[in-house]
Amino acid sequence: MSFRNLSVIAAGGLLGALARHGLSTVWPHLEGGFPWATWLINVSGCLAIGIVSELVPAPRRLRLFLTTGFLGGYTTFSTAMTDVVVSPTVIGFAYLVTTAAGSLLAVWAGRSMARRARR
């Protein structure tokens, strides 16, 4: 991969991580409660990935910036899995299932919406 492509991804990742941090700071979750901000970040990021992957042709740098960079830095599945481990059993299980299902459904919905919008 070229230095230019890596730079584009790094810049997008920085901005995505800052956006995630900002949303998590504005909407923190209580210990033991459902981590709504992280859930919203992951599902909305997956929706955006579905839209971008359908509308922006590969291997353009814009796609690298948006999907691998910004949305890769914005979504935070590692935090989601940590939240599952430290949450009470029922909340942790509900969070795990809804994060996985919601994220997969969001990618599908994003791609479907983008296809319809393109027609």
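Residues numbered from 1 in each chain as written. Predicted model: local features only at pLDDT ≥ 70, side-chain atom pairs only at ≥ 80, totals over all residues. Heavy atoms only, no water.

Trainee: Tell me what's going on with a nonpolar patch on the surface, and back it up with residues and numbers.
Mentor: The grouping of Val26, Trp27, Trp36 and Leu40 at the surface amounts to a nonpolar patch, some 430 Å² of accessible area in total. Here Trp27 lies in the loop between helix H1 (3-26) and helix H2 (36-55). (Patch = residues over 30% accessible without salt bridge, like charges linked within 9 Å, V, L, I, M, F, W, Y side chains within 5 Å. Areas by Shrake-Rupley, 256 points an atom, 1.4 Å probe, with all protein chains shown as cover. Salt bridge = Lys/Arg side-chain N within 4 Å of Asp/Glu carboxyl O. Helix = DSSP H or I, 4+ residues; strand = E, 2+ residues; numbered from the N terminus.)

Trainee: Residue-level account of the UniProt feature "transmembrane region" (unreviewed entry) in the protein, with values.
Mentor: The feature "transmembrane region" (unreviewed entry), as annotated in UniProt, sits at residues 34-52, 64-86 and 92-110 in this numbering. Taken end to end, residues 34-52 has its terminal C-alpha atoms 29 Å apart, with 89% of it in helix and 0% in strand. (UniProt positions renumbered as here; feature names shortened; annotations may be inferred.)

Trainee: Report on the UniProt feature "binding site: Na(+)" (unreviewed entry) in the protein, specifying residues and quantitative values.
Mentor: Under the UniProt annotation, the feature "binding site: Na(+)" (unreviewed entry) is placed at Gly72 and Thr75. Summarising the element assignment, Gly72 is placed in helix H3 (residues 61-74). With relative accessibility at 41%, the residue Gly72 sits in the partly exposed group. For Thr75, the position within the fold is in the loop between H3 and helix H4 (77-86). A relative accessible area of 12% means that Thr75 is categorised as buried. Setting aside residues no more than four positions away along its own chain, Thr75 makes contact with Arg20, Ile41, Asn42, Gly45 and Cys46. A distance of 2.8 Å separates a polar side-chain atom of Thr75 from the backbone oxygen of Leu71. (Buried < 20%, exposed > 50% of the residue type's maximum accessible area, 1.4 Å probe, protein only. Contact = heavy atoms within 4.5 Å. Polar contact = N/O pair within 3.5 Å; in protein donor to acceptor, adjacent residues only side chain to side chain.)

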